[in-house]
Amino acid sequence: MTDPRTDDDLMLAFAGGAPDAFEVLYERYRKPLYRYLYHAVGDKAAADDLYQDVWSRIIASGEKFRRGNGFKRWAFRIAHNRLVDHWRALGRQPGMDADALDTVPGDGRQGPDETLERGRQAERLRAALMQLPPDQREAFLLQQEAGLSLADIARRENVGRETIKSRLRYAVGKLRGMLEPGPEAAGK
Amino acid sequence: MTEQRNDKHDAALEALYREAGDVEPDAGLDRIIRARADEAVRNGRSSNRLPWLGGLVTASVAVVAIAVVLQQTPPAGPVPSITAPPSEDAGAFMAPSVGAEARLESESRETRPVLDEIRKMQSSSEAAEAEPSPSASALNARGRSLNRATQAVEQRNTRQSPMEKSQDNVAEKDSLGDEQSENAAEPARSPVAEIAENPELMLARIEMLIANEEIQRARDLLEAFRQKYPEYTIPKKIRETVAPE
């Protein structure tokens, strides 16, 4: 049975000393936050570190949380800021790791095992995401994982709404081209 | 037509993303984070249980510290230097204490004449014992009591250890002209001072001086007596004998 309380209520309850509220909240956001971080950095070890750090910050900042902040926006803002710190510490632009492409299996390889196929698809997706420019990938992940609207993403990135719309359009188009065979490829 | 196809492809892309991109943290990672949350809740509860406790403890410590400081008496003087080597001369133990002499010298103005007279009285009373006379025999009892008091002072001074002497020296040097420090350095009154504080003993000394026909000294001591005890009734015999010329 799902807890009827809102995210904000749960966070406030946790800040007030209710551990069960955190359990519900964690179950709601463990996957979205992890996917966001994992697909942003494209590396499991780094994603694990970032994930721990993000949740630690959420826990530590519980007393600062106010009703109306919107837990989802608030949590993903923390995750986004942590990602920026991560990339800054690496001293390089995110998503430019060519090694990721080397791990992409060939398109024509087919395996009888469905699990293996799903694994390949996941790998292709990760590689495709890493091929996106950082701003496009960020916009795509925030929309997919955080469910943020164009306006919310625009505010977070300090750009116009149309800019975000354009980034998303480019991101989806590139992903589509990398993950699905186009008409030309299908015709071959 | 193109838009419909793009929407279709977008939906397929999202579905692919949901399916292929469905990753989740390890169970170990979940345990770590849940443990941190539990710890934060415990710490938060313990810190919020008595939010005023920290202030109360701080205030209590401050009050105790102030009380201790106020209870302490101020130091009598600078701490004597323990590096000063004690005199190894055996004669220093037998010789009159320098500190005692200095203390005697620093007695109050009223005490000094008494001390001088007591010392002179010692010799005169010994002479009186050698040649007892009817006029002096009555006063010898008082003289002996004064003598005992003087001996007690000197015995106390000679019994002082080198360290005590050193302390006396330091205390006396620092207390020159400083009545308050002097009193602090020697809170207990010496027997000589007790004699000076006792008008009966002073009058006895004056009477002894009169008996020894040392009228001028008796007059000086009587003057000191009058200054110290202006309301005290001076016996007629003394008044008439040592009346100013």
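Turning to the overall build of chain B, a few remarks are in order. Helix and strand content of chain B: 13 helices and zero strands. Secondary structure elements in chain B, listed N-terminal to C-terminal, are α-α-α-α-α-α-α-α-α-α-α-α-α. With 245 residues in all, chain B has 30% of them scored as buried. Here the analysis covers contacts within chain B between residues at least 6 apart in sequence; of these, 75% occur between residues at least 24 apart. Just so you have it, chain B exposes about 15700 Å², and 55% of that area is on carbon and sulfur atoms.

Broken down by element type, chain A carries 10 helices and zero strands. For chain A, the N- to C-terminal ordering of α and β elements is α-α-α-α-α-α-α-α-α-α. Per-residue burial over chain A gives 47% buried out of 188 residues. Expressed as a percentage of contacts within chain A between residues at least 6 apart in sequence, the contacts between residues at least 24 apart total 61%. Here chain A has roughly 9600 Å² of accessible surface; of this, 49% comes from carbon and sulfur atoms.

If you trace the backbone, A:Arg82 turns up in helix α4 (residues 71-90). Relative accessible area serves as the criterion here: at 18%, A:Arg82 is assigned to the buried category.

Moving on, we come to the nonpolar core. A:Tyr51, A:Trp55, A:Ile58, A:Phe71 and A:Phe140 are the most contacted members of the largest nonpolar core, which totals 61 residues. No other element matches helix α2 (residues 19-41) of chain A, which puts 12 residues into this core. Each of domain 1 (1-100) and domain 2 (132-180) of chain A gives at least three residues to this core. If you look at the next biggest cluster of nonpolar residues, it comprises 13 residues, including B:Ile206, B:Leu222, B:Phe225 and B:Tyr229.

Turning our eyes to something else, we now look at the interface of chain B and chain A. Taken together, the contact between chain B and chain A spans 28 residues of the former and 34 residues of the latter. Summing the contributions of chain B and of chain A, the shared interface buries around 3100 Å²; its carbon and sulfur component is 57%. Its largest share of buried area at the contact with chain A, chain B owes to B:Leu13, B:Tyr17 and B:Ile33, together 21% of the area lost on that side. Counting across the interface, chain B meets chain A through five salt bridges. Between B:Arg34 and A:Glu27 there is a salt bridge, with its nearest N and O atoms 2.5 Å apart. Put simply, chain B and chain A have nine residue pairs in polar contact (both at pLDDT 80 or more) between them.

Residues and elements named next belong to chain A. Packing of α4 against helix α8 (residues 150-157) brings their axes to within 12 Å, and their N-to-C directions diverge by 40 degrees. Judged by the inter-axis angle, α4 sits oblique to α8. For the pair α4 and α8, the crossing hand works out as right-handed. Judged by residue contacts, Arg73, Phe76, Arg77 and His80 of α4 engage Asp152, Arg156 and Glu157 from α8. Residue composition of the contact of α4 with α8, grouped by class: one nonpolar, one polar and five charged.

Before going further, it helps to spend a moment on the confidence of the model for chain B. All names here are of chain B. Per-residue confidence for chain B gives a mean pLDDT of 65, with 40% of residues at or over 70. With pLDDT under 50 throughout, residues 160-188 is counted as low confidence; its partners more than four residues away or in other chains account for 32 contacts. Taken over the whole predicted complex, pTM reads 0.46, whereas the ipTM for its chain interfaces reads 0.72.

So, about the side chain of A:Arg167. All names here are of chain A. Mapping Arg167 onto the fold places it in helix α9 (residues 161-179). Overall, the relative accessible area of 15% leaves Arg167 in the buried class. Residues in contact with Arg167, not counting those within four places in the same chain, are Asp135, Gln136, Ala139, Glu157 and Val159.

Turning our eyes to something else, we now look at the pattern of salt bridges. What the rule picks out here adds up to 18 salt bridges over all chains. Across the pair A:Asp85 and A:Arg88 runs a salt bridge whose closest N-O atoms are separated by 3.6 Å. You can see A:Asp85 and its partner A:Arg88 sitting in helix α4, three residues apart, about one turn around the helix. Residue classification places A:Asp85 among the partly exposed residues on the basis of a relative accessible area of 30%. For A:Arg88, a relative accessible area of 60% corresponds to the exposed category. A cluster of three or more residues bridged by salt bridges with shared partners is formed by A:Glu23, A:Glu27 and B:Arg34.

Another point: helix α12 (residues 215-228) of chain B. Counted at 1.5 Å a residue, the expected span for α12(B) with its 14 residues is 20 Å, and the 20 Å between its end C-alpha atoms agrees. For α12(B), the full list of buried residues reads B:Ala218, B:Arg219, B:Leu221, B:Leu222, B:Ala224 and B:Phe225.

This brings us to α9(A). All names here are of chain A. Taking 1.5 Å per residue, 19 residues should reach 27 Å; α9 reaches 27 Å between its end C-alpha atoms and fits that length. Listed as buried for α9 are Ile164, Arg167, Leu168, Ala171, Val172, Leu175, Arg176 and Leu179. End-on view of α9: buried residues confined to an arc of 160 degrees, all on one side of the axis. In α9, the exposed residues that point more than 90 degrees away from the buried face are Glu162, Arg169 and Gly177.

Calculation rules
- Note on numbering: residues in each chain are counted from 1, in written sequence order.
- Going through the entries in the order they are written, you letter the chains from A and number the ligands from 1.
- Owing to the predicted nature of the model, reporting of local features is limited to residues with pLDDT of at least 70; listing and counting of side-chain atom pairs is limited to 80 or more, with chain, interface and lining totals taken over all residues.
- Remark: hydrogens and water are excluded; side-chain values derive from all non-hydrogen atoms of the structure.
- Secondary structure elements follow DSSP: runs of H or I of four or more residues count as helices, runs of E of two or more count as strands, with numbering from the N terminus.
- Buried, partly exposed and exposed residues are distinguished by accessible area as a fraction of the type maximum, computed with a 1.4 Å probe on protein chains only: under 20%, between the cut-offs, and over 50%, respectively.
- Contacts are assigned to residue pairs with any non-hydrogen atoms lying within 4.5 Å of each other.
- Only the protein chains shown count as cover for residues, with accessible areas throughout obtained via the Shrake-Rupley method and a probe of 1.4 Å.
- By convention a nonpolar core is built from buried Ala, Val, Leu, Ile, Met, Phe, Trp, Tyr and Cys residues, the set being connected through side-chain atoms within 4.5 Å.
- Segmentation into domains, and thus their bounds, comes from an automatic or database assignment.
- Here the quantity called buried area is the total loss of accessible area, with a 1.4 Å probe, experienced by two parts when brought into contact, counted for both.
- By convention in these notes, a salt bridge is any Lys or Arg side-chain nitrogen within 4 Å of a carboxyl oxygen on Asp or Glu.
- Any N or O atom pair separated by 3.5 Å or less is treated as a polar contact, with the protein-specific requirement of one donor-capable and one acceptor-capable atom, and with residues adjacent in sequence counted only for side-chain atom pairs.
- Fitted lines through C-alpha atoms serve as axes, helices being fitted only where they are in contact, and the angles separating the N-to-C directions of these axes extend from 0 to 180 degrees.
- For classification purposes, angles smaller than 35 degrees are called roughly parallel, those larger than 145 roughly antiparallel, those between 65 and 115 roughly perpendicular, and all remaining angles oblique.
- Crossing handedness is read from the near helix: turned anticlockwise from the far helix by less than a right angle, it gives a left-handed crossing, and turned clockwise, a right-handed one.
- Charged means Asp, Glu, Lys or Arg here, nonpolar means Ala, Val, Leu, Ile, Met, Phe, Trp, Tyr, Cys or Pro, and polar covers whatever is left, Gly included.
- A score from 0 to 100, pLDDT tells how confident the predictor is in each residue.
- By this rule, a helix spans an expected 1.5 Å times one less than how many residues it contains.
- Think of the arc as the fan of directions from the helix axis to the C-beta atoms.

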